[in-house]
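Overview (structure and organization)
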Amino acid sequence: MFKDHLRTIVIAVPIVLIARYALFRDKAEFALFFAGLKTFVAPLIIGFSIVAIGGLLYFASNKVDHARQMVVGRIFFWISSTILAAAFAAVFVNAKLTPTGQ
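Cut-offs and rules
- Residues numbered from 1 in each chain as written.
- Predicted model: local features only at pLDDT ≥ 70, side-chain atom pairs only at ≥ 80, totals over all residues.
- Heavy atoms only, no water.
- Phe/Tyr/Trp six-rings, centres within 6.5 Å; stacked < 30°, edge-to-face > 60°.
- Buried < 20%, exposed > 50% of the residue type's maximum accessible area, 1.4 Å probe, protein only.
- Helix = DSSP H or I, 4+ residues; strand = E, 2+ residues; numbered from the N terminus.
- Core = buried A, V, L, I, M, F, W, Y, C linked by side-chain atoms within 4.5 Å.
- Expected span 1.5 Å × (residues − 1).
- Bend = angle between axes of the 7 residues up to and from the residue.
- Polar contact = N/O pair within 3.5 Å; in protein donor to acceptor, adjacent residues only side chain to side chain.

The full count for this structure, using the stated rule, is eight aromatic pairs. On the basis of an interplanar angle of 40 degrees and a centroid distance of 5.0 Å, the ring pair of F24 and F33 is categorised as tilted. With respect to class, F24 is no different from F33; both count as buried. On the numbers, 5.5 Å between centres and 55 degrees between planes, the contact of F24 with F92 is tilted. In this pair, F24 sits in the loop between α1 (2-23) and α2 (27-62) while F92 sits in helix α3 (residues 66-97), placing the two residues 68 residues apart along the sequence. Look at F92 and you get partly exposed, because its relative accessible area is 27%. Through a chain of ring-to-ring contacts, three or more aromatic side chains come together here, namely F24, F30, F33, F34 and F92.

Once that is clear, we can look at the nonpolar core. By size, the foremost hydrophobic cluster in this structure holds 14 residues, and its most contacted members are F24, F30, F33, L37, V41 and V91. Looking at this core, the elements that each hand over two or more residues are α1, α2 and α3.

For α2, built from 36 residues, the straight-helix expectation of 52 Å at 1.5 Å per residue is met to within 8% by its first-to-last C-alpha distance of 50 Å. Taking the largest bend as the criterion, α2 deviates by roughly 35 degrees, centred on K38. Just downstream of α2, K63 is the residue with a positive phi angle, here 55 degrees.

Moving on, we get to the environment of S49. Among the secondary structure elements, S49 is positioned in helix α2. Measuring from C-alpha to C-alpha, the distance between S49 and S80 comes to 9.7 Å, with 31 residues separating the pair along the chain. Here the side chain of S49 touches I45 through a polar contact of 2.8 Å, landing on its backbone oxygen.

Without other data, these values stay purely geometric and don't point to any function.
What follows is the structure, given as structure tokens:
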């Protein structure tokens, strides 16, 4: 499960760098996008990480079989990935539609 979240972070960092130089017109627009990431997306990532760690500890302490762990892990990964993608999209749309004072 940790490997999936690490892969998500490794993919997200280059996207943010590409977004700065290819998708946003100026620094103010990117600053608004980055502020949205810090305000909305970072707490989601932290929350999902805490839930994932809690799930791992629960599975380890209760000796849940591996097949059930994999099913729950995949469901959690897809739910968290979908919510994070929606949060990224919302922050991006907010940054593009909010006037930056030019």
